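One letter stands for each residue in the lines below.
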Amino acid sequence: MRRTLPASLYGDPQAWARERDGVFRSAWLFLGHEAELAAPGDWIAADVAGWPLLAVRGSDGVVRAFHNVCRHRAGPLVTGASGACSKELVCAYHGWRYALDGRLRSATGFGAEERFDPRDFGLLPLTVETWRGLVFAALEPPGPLADAVAPIEALLIERGLDLPPPALRRDHDLACDWKTYVENYLEGYHIDAVHPELAEELAGTKYQVRVAGECVIQQAVGASGATQAGVWGWLWPNLGVNVYADGAMIERMTPVGPGRTRLDYLYLGPKGRPPSDETLAASDRLTAQDAAICAAVQANLSAGAYDAGVLSSRHESALGWFQDRIRGVHA
């Protein structure tokens, strides 16, 4: 019998600090799509688990990633999810100016200072890699990105599926710990109770969940024609790659603090067309249902009555794999 993680790890500031460093420092973190970086100076940014990150296309056409932190007094270089900065990144606090390759171009108005060498104060770089147009950054790369996504890549090749261009961004705030939402995502056990419409669409299918390397693969085997029929791939530690017949949706489960999560959705559609109204309605319904149950679970985890539960080997093996990895961070 496999026990769950203790409730005390969900929403605790000390647990959050350990996970921020022990999970997200050495992981591939999704930022966006290459098509959002079409021209030199185009940038995308995200704050993932307290790490402010950005990627920008340089004047040489190369995409580079940096901490979104000025080397002077930690001001932000960009704000928002995407934009364009022409030929420089400029700190919003004191106006220090950086070339698109991260070099400090001008410590604006700083004046002469003994032993100050601008070459020592370039932006703090990250490793950046892409897969099927998706841009990832890593503070400390855990290995090649291609190795991490290999199980999803193999499935897409097998099914003859592709990831079309980006079409629409949306986000949703959740009143739960990031682990609460991820664990909900990694099992289909709750579908009948929480998603009756999806359960009806998938009636007569076999719902399969399996762990493959750094990924969890979920498939509704036998489904055809249903709005939600497709393939759900999940990449450690917080990314869903949801592929459907008429497009895809990249779902970053973004931790924003102890007990707080934001879902960042990037919808991909043929020729960059937004999803159909039917697809968006189904997505919104599923998100609302998951948000409600995860908030209720989080409230009970925090209430003090529940300490730990038990996992089903039939339905929750991927969840157990995830919890084992989290348990190792707190050992």
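Preceding this paragraph is the structure being described.
Residues numbered from 1 in each chain as written. Predicted model: local features only at pLDDT ≥ 70, side-chain atom pairs only at ≥ 80, totals over all residues. Heavy atoms only, no water.

1. Side note on unusual backbone geometry
Phase 1: For the peptide bond that leads from Trp236 to Pro237, omega is 5°, which places it in the cis range.
Phase 2: Within the secondary structure layout, Pro237 lies in the loop between β15 (230-235) and β16 (239-244).
Phase 3: Phi at Ala49 is positive, roughly 55°, even though this residue is not glycine.
Phase 4: Relative to the elements of secondary structure, Ala49 occurs in the loop between β3 (42-48) and β4 (51-57).
Phase 5: A positive phi angle, close to 70°, is found at Ala74, a residue other than glycine.
Phase 6: Structurally, the position occupied by Ala74 is in the loop between β5 (63-67) and β6 (82-84).
Phase 7: Look at Ala74 and you get exposed, because its relative accessible area is 52%. (Helix = DSSP H or I, 4+ residues; strand = E, 2+ residues; numbered from the N terminus. Buried < 20%, exposed > 50% of the residue type's maximum accessible area, 1.4 Å probe, protein only.)

2. A short note on the sheet that holds strand β10 (residues 125-131)
Phase 1: The strand order β2-β11-β10-β5-β4-β3-β6 describes an open sheet built from seven strands, whose pairing is antiparallel. Either end of the sheet is taken by a strand with one partner, and the two such strands are β2 (29-33) and β6. Averaged over all adjacent pairs, the angle separating strand axes in this sheet is 30°, with direction ignored.
Phase 2: Across the sheet, helix α2 (residues 145-159) touches β10 and β11 (134-138), and the angle it forms with β10 is around 20°. (Pairing = 2+ DSSP bridges. Axes fitted to C-alpha atoms, helices over the stretch in contact; angles between N-to-C directions. Contact = heavy atoms within 4.5 Å.)

3. Considering the packing of aromatic side chains
Phase 1: Counting across every chain of the model gives 14 aromatic pairs.
Phase 2: Here the aromatic cluster, defined as three or more aromatic residues joined through ring pairs, consists of Phe24, Trp178, Trp234, Trp236, Trp321 and Phe322.
Phase 3: Over the aromatic face of Trp51 sits the side chain of Arg20, whose NZ or CZ is 3.9 Å from the ring centroid.
Phase 4: The ring centre of Tyr10 lies 4.8 Å from the NZ or CZ of Lys179, which sits over that ring. (Phe/Tyr/Trp six-rings, centres within 6.5 Å; stacked < 30°, edge-to-face > 60°. Lys NZ or Arg CZ within 6 Å of the ring centre and 35° of its normal.)

4. Quick notes on the pairing of β3
Phase 1: For β3, the tally of buried residues reaches six of seven residues, placing the bulk of the element in the interior.
Phase 2: Between the antiparallel neighbours β3 and β4 lie two residues, among them Ala49 with a positive phi of about 55°.

5. Overview of the packing of helix α3 (residues 178-185) against helix α6 (residues 277-303)
Phase 1: Two elements in contact, α3 and α6, have axes whose closest approach is 10 Å; the angle formed by their N-to-C orientations is 130°. What the angle tells us is that α3 and α6 run oblique. Two packed elements cross with a definite hand, and for α3 against α6 that hand is right-handed. Between α3 and α6, the residues in contact are Thr180, Tyr181 and Asn184 and Asp290, Ile293, Cys294, Val297, Gln298 and Leu301, respectively.
Phase 2: Here the residues of the contact of α3 with α6 are counted per class, giving five nonpolar, three polar and one charged. (Parallel < 35°, antiparallel > 145°, perpendicular 65-115°, else oblique. Left-handed = near helix turned anticlockwise from the far one by under 90°. Nonpolar A, V, L, I, M, F, W, Y, C, P; charged D, E, K, R; others polar.)

6. Description of the pattern of salt bridges
Phase 1: Enumeration over the complete set of coordinates arrives at 20 salt bridges.
Phase 2: Between Asp324 and Arg2 there is a salt bridge; the shortest N-O distance is 2.9 Å. Residue Asp324 is located in helix α7 (residues 317-329), and its partner Arg2 is located in strand β1 (residues 2-3); the two are separated by 322 residues in the primary sequence.
Phase 3: Looking at Asp324, the relative accessible area reads 36%, which means it is partly exposed.
Phase 4: The exposure class of Arg2 is partly exposed, given its relative accessible area of 37%.
Phase 5: A salt bridge links Asp284 to Arg170; the shortest N-O distance between them is 3.1 Å. Highlighted residues: Asp284 in helix α6 and Arg170 in strand β12 (residues 166-174), separated in sequence by 114 residues. (Salt bridge = Lys/Arg side-chain N within 4 Å of Asp/Glu carboxyl O.)

7. So, the packing of α3 against α7
Phase 1: In the contact formed by α3 and α7, the axes pass within 9 Å of each other and the chain directions differ by 150°. Here α7 runs roughly antiparallel to α3, going by the angle between their axes. Once α3 is placed against α7, the crossing between them reads as right-handed. Along its contact with α3, which presents Trp178, Lys179, Val182 and Glu183, the element α7 presents Leu319, Phe322, Gln323 and Ile326.
Phase 2: When the residues that make up the contact of α3 with α7 are grouped by side-chain class, the tally is five nonpolar, one polar and two charged.

8. Some remarks on the sheet that holds strand β8 (residues 97-99)
Phase 1: The strand order across the open sheet built from three strands is β7-β8-β9, with neighbouring strands paired in antiparallel fashion. The strands lining the two open edges of the sheet, one partner per strand, are β7 (88-90) and β9 (104-106). Sheet twist, expressed as the average angle between the axes of neighbouring strands with direction ignored, equals 40°.
Phase 2: Pairing between β7 and β8: three bridges, direction antiparallel. In the sheet register, Val90 faces β8, and the bridge partner there is Arg97.

9. Points about the nonpolar core
Phase 1: The biggest cluster of nonpolar side chains holds 55 residues, and the ones touching the most others in it are Phe24, Ala55, Tyr181, Leu186, Trp234 and Phe322.
Phase 2: Leave out the neighbours within four places in its chain, and Leu186 touches Val209, Val216, Gln218, Trp234, Ala318, Leu319 and Phe322.
Phase 3: One finds Phe136, Ala148, Ile152 and Leu266 within the second-largest nonpolar core, a separate group that totals 24 residues. (Core = buried A, V, L, I, M, F, W, Y, C linked by side-chain atoms within 4.5 Å.)

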